[in-house]
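Remarks on the overall topology
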Amino acid sequence: MINAVNDGVWSGTWVAQRLGLELMGDDELTDLLGLALRRNPKRAHLLVSNVLGKHVPQSPSVVYGYGFALGRRVRELLGTEEAGEAVVLGYAETATGLGHSVADGIGSAPYLHSTRRPVAGVTAAGGFEESHSHATSHLLLPENPTLLAGDGPLVLVDDEFSTGNTVLNTVRDLHARYPRRRYVVVALVDMRSAADAGRLEEFAREIGARVDLVAAASGTVRLPEGVLEKGRELVARYEAEGAAPGGSSAAGASGPVAQFPAPLHGVHGSAPQGARGTARPAPSHPHPAVRRVDLIWPRDLPDGGRHGFTPAHRTRLEAALPAMVARLADALPEGARRVHVLGFEELMYAPLRLARELEQVVEAEVRYSTTTRSPVLAVDDPGYAIRSRITFPAHDDPADGPGERYAYNVAGAGFDAVVAVVDSAADTPELHAPDGLLAQLAVHTPHVLLAVVPSYVPERPSMLPEPLRGPAFSSYAPEEVGWLLQDLSDVTLEAPTEEREEAIQSGGAHYAESLPVEYQPSEQYQELFHAALGTTATRIAQAVGAVTELVLAERSPRPVLVSLARAGTPVGVLMRRWAQFRHGLDLPHYAVSIVRGRGIDANALRWLAAHHDPADVVFVDGWTGKGAITRELADAIEEFEASDGITGFDPEIAVLADPGSCVRTYGTREDFLIPSACLNSTVSGLISRTVLRADLVGPHDFHGAKFYRELAGADVSVDFLDAVAACFPEVTEAVDAQAKELLSADRAPTWEGWAAVERISEEYGIHDVNLVKPGVGETTRVLLRRVPWKILARAGAGADLDHVRLLAEQRGVPVEEVGELPYTCVGLIHPRYTRGATGADGKAVNV
């Protein structure tokens, strides 16, 4: 038999004998179904499917296979043309995964499932009641309001078809709104009584549509008179008396049968409030720290069919599954023989597909089921379908208030690891609480893994928050800069430099998905920073004044300064201070995120367009290297204009220094030491580099960053600004002369820096321009945040490279002097980095 917990005995025997129920029908019916007792005043018994993946752990291939096969049967019934016009609707919570699998079997059908979770801002396209259920109200919340409006066949999928009331309620509601010619009802089992058998046909004639039924098996349950009262009495007796020792009890013996015990509150058979059976003690494991596995779920891919799941979504999921499952497989404990993937209530399909793919790539036996809202009596007897029950508080802030939730047949099943898969709306303190699901699972398995799938929220008009400001976010004064970012300070994002480098270069992660561990400067290095600031402050002040004057003369008399976080932020603050010092202007200044390969934060652009004239926006950065961000910004603005229809943003960046000759608006093209490049957050308002990760940044969110409040003692952000601004009076005449000269000069970019980078990349056998970082500022970043290979320094470079030489010495990186270098220095990231690579011969890459 298929049931993983029936010990060779039909898992409906115990209920059938005690209530006098009789299951009649197809030969395979007892393979598909067991019986249990509900804690529900509306129905005494529960048909427990062995192939649904809800109450009974099962092979995910079996679970998916049943749904997919039913979908193929629907496709054959409808024919190719009508199947191509079909829409599939599944029922929450039990059939959400089954319905999705049926849609896969049909092939190209979009899928929607009902939900009991209201979603703010999403208008219901319908709803209905499930009269026998413990939670009755179903909502239909498609992102596309026309999804249910076509006249193609509507395929309705549930785990069982018993009275037909749920389907009739659904069709009645939808047919009044969106009439169509044909419906197909799909169920694992058709369990209608003789009295109910004709209702579907009568209803079809009433509404003037064709209604077909497809089921894997059929039969009926013969209920004796008074079964509801008898069932209530039986449940009440077992819950009141608890469990008696029953290890030797034969199936069907009268009296209480032993229930599965557990020592932790909330994990039990059916006994409430501490009453426990003693037949088989629960496995005793230490409580491990739950290990979180980042699936890197594709951005904007729905987690299921709550708001609709299209064929295009299916294609994206299929492409992403192998990599996600590889991450899961890598996280499993070595030598695991039995692994359970536990989904979450309506979130059935995503964990099912993950489990099915995992089953194909690991040697362990993989089983799948999900948690549920449905309260069922648990009895530890081989003739009963629900052998054990884990009880825990709801952890997704349900609309109907707090309550108990359950995981059945997981306790005592001997799993070496349990992978809990939840959506982000359910990744709450309640999930991680001492009596929460994860702690309960830890009692029954030595390893608990948590995978969180981002909760999909349909596109809707965005209400973006106001900018973050100091001192709540950053050490800058609130008027100095507004950060168009979201605060991720409470999220652990840092990873060791070597680990990040290997992941980035192998393609396993994007650099913006994690943060380097913040470099803590030595006392010697801090002294060098202050010395450099003392010698360069005047030079920086002149460059700040010059670039600000160019902006005021050529771009806008009242520009909106928008710094590219984080290196551009100190420069933007200084430009704002110059405009105030020299012209009495109080310019708005913001910081936004731009990520190489991902573009600028489009939500930040939307906010700016809603509050300012895009034509007044001037993007600001600290310096140019080879011009990658210059190109990235131009491409991103072009893409934004095409997607949003908002025009006017000028992609040309204003920079303090342009040694790469990549822009027209700059203060200088000399490659000299800008002290703000020497440090990370401690010279940038204690703000991290920006983060863009799908599970943290949703479609309506700003990119993220962290505020390192704990580094306040080492913060020199305001010291840097004040030191440079103090030089403004003495450089005024020089700035006027330099600005006049620049305004009349040919400042067209030559991109000579890019050419040099390409030459160096090939000459040193790197063959990747992204690993060549030109200029003092970029070289410093390589030493602070990446795995450096070597530093190329222009022959004769002096004090501008003191800090670079010190960092290189501390990290054991060679500094090679070369002639004819257009930059003062160039940092080379270790090419094709693995933690065993050396690159020791100076040019060839050792791998």
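Our subject in this report is the structure included herewith. Predicted, not measured: the structure shown is a model, and the values here were computed from it.

Quick look at the nonpolar core
Counting 134 residues, the largest nonpolar core has Leu37, Val155, Val186, Leu358, Tyr384 and Leu441 as its most contacted members. Those residues in contact with Val155, other than ones at most four positions away along the chain, are Val74, Ala86, Val87, Val88, Leu89, Val102, Ile106, Val184 and Val186. Ala541, Val571, Met575 and Leu807 belong to the second-largest nonpolar core, a separate cluster that totals 79 residues.

Observations concerning the sheet that holds strand S4 (residues 87-90)
In spatial order, the strands read S1-S10-S9-S8-S4-S5; together these 6 strands make up an open sheet with mixed pairing. In this open sheet, the two edge strands, each paired with only one partner strand, are strand S1 (22-25) and strand S5 (111-113). Averaged over all pairs of adjacent strands, the angle between their axes in this sheet comes to 25 degrees, without regard to strand direction. With 7 bridges connecting them, strand S8 (residues 154-161) and strand S9 (residues 182-190) associate as parallel partners. Across the sheet, Asp158 pairs through a bridge with Ala187, a residue of S9.

Focus on unusual backbone geometry
That bond from Ala92 to Glu93 is cis: its omega, -5 degrees, falls within 30 degrees of zero. If you trace the backbone, Glu93 turns up in the loop between S4 and helix H4 (96-106). Here Ala565 and Arg566 are connected by a cis peptide whose omega angle stands at 0 degrees. Counting through the fold element by element, Arg566 comes out in the loop between strand S23 (560-565) and helix H14 (568-583).

Quick word on the packing of aromatic side chains
Two descriptors summarise a pair of aromatic rings, namely the distance from one centre to the other and the angle between the planes of the rings. For the structure on display, the rule yields 13 aromatic pairs. Ring centres 5.8 Å apart and planes at 35 degrees place the aromatic pair Tyr64 and Phe68 in the tilted group. With Tyr64 and Phe68 both in helix H3 (residues 60-83), this residue pair falls 4 residues apart, about one helical turn. Phe68 gets classed as partly exposed once you look at its relative accessible area, which sits at 27%.

Here's the deal with the environment of Val48
For Val48, the position within the fold is in strand S3 (residues 45-49). Its relative accessible area of 0% is what places Val48 among the buried residues. Discounting residues that sit within four places of it in the chain, Val48 has contacts with Leu32, Leu33, Gly34, Leu35, Ala36, His55, Val56, Ala385 and Ile386.

Concerning the packing of H3 against H4
Packed helices, taken two at a time, are described by their axes: the angle between them and the distance between them. One way to put it is that H3 packs onto H4 with a least axis distance of 6 Å and a crossing angle of 45 degrees. It follows that H3 is oblique to H4 by the angle criterion. As for how H3 packs across H4, the hand of that crossing is right-handed. Every residue of H4 that contacts H3 at Tyr64, Gly67, Phe68, Leu70, Gly71, Arg72, Val74, Arg75 and Ala83 is listed here: Leu98, Ser101, Val102, Asp104, Gly105 and Ile106. Of the residues contributing to the contact of H3 with H4, the split by class is 8 nonpolar, 4 polar and 3 charged.

A short note on the side chain of Thr665
Here Thr665 lies in strand S28 (residues 665-668). There is a polar contact of 2.9 Å between the side chain of Thr665 and the side chain of Glu652. Thr665 has contacts with Val547, Leu550, Val551, Arg555, Glu652, Ile653, Ala654, Val655 and Arg747, leaving out every residue within four places of it along the chain.

The rules we used
- Residues numbered from 1 in each chain as written.
- Predicted model: local features only at pLDDT ≥ 70, side-chain atom pairs only at ≥ 80, totals over all residues.
- Heavy atoms only, no water.
- Core = buried A, V, L, I, M, F, W, Y, C linked by side-chain atoms within 4.5 Å.
- Buried < 20%, exposed > 50% of the residue type's maximum accessible area, 1.4 Å probe, protein only.
- Contact = heavy atoms within 4.5 Å.
- Pairing = 2+ DSSP bridges.
- Helix = DSSP H or I, 4+ residues; strand = E, 2+ residues; numbered from the N terminus.
- Axes fitted to C-alpha atoms, helices over the stretch in contact; angles between N-to-C directions.
- Phe/Tyr/Trp six-rings, centres within 6.5 Å; stacked < 30°, edge-to-face > 60°.
- Parallel < 35°, antiparallel > 145°, perpendicular 65-115°, else oblique.
- Left-handed = near helix turned anticlockwise from the far one by under 90°.
- Nonpolar A, V, L, I, M, F, W, Y, C, P; charged D, E, K, R; others polar.
- Polar contact = N/O pair within 3.5 Å; in protein donor to acceptor, adjacent residues only side chain to side chain.

Limitation: the analysis is restricted to geometry and does not speak to function.
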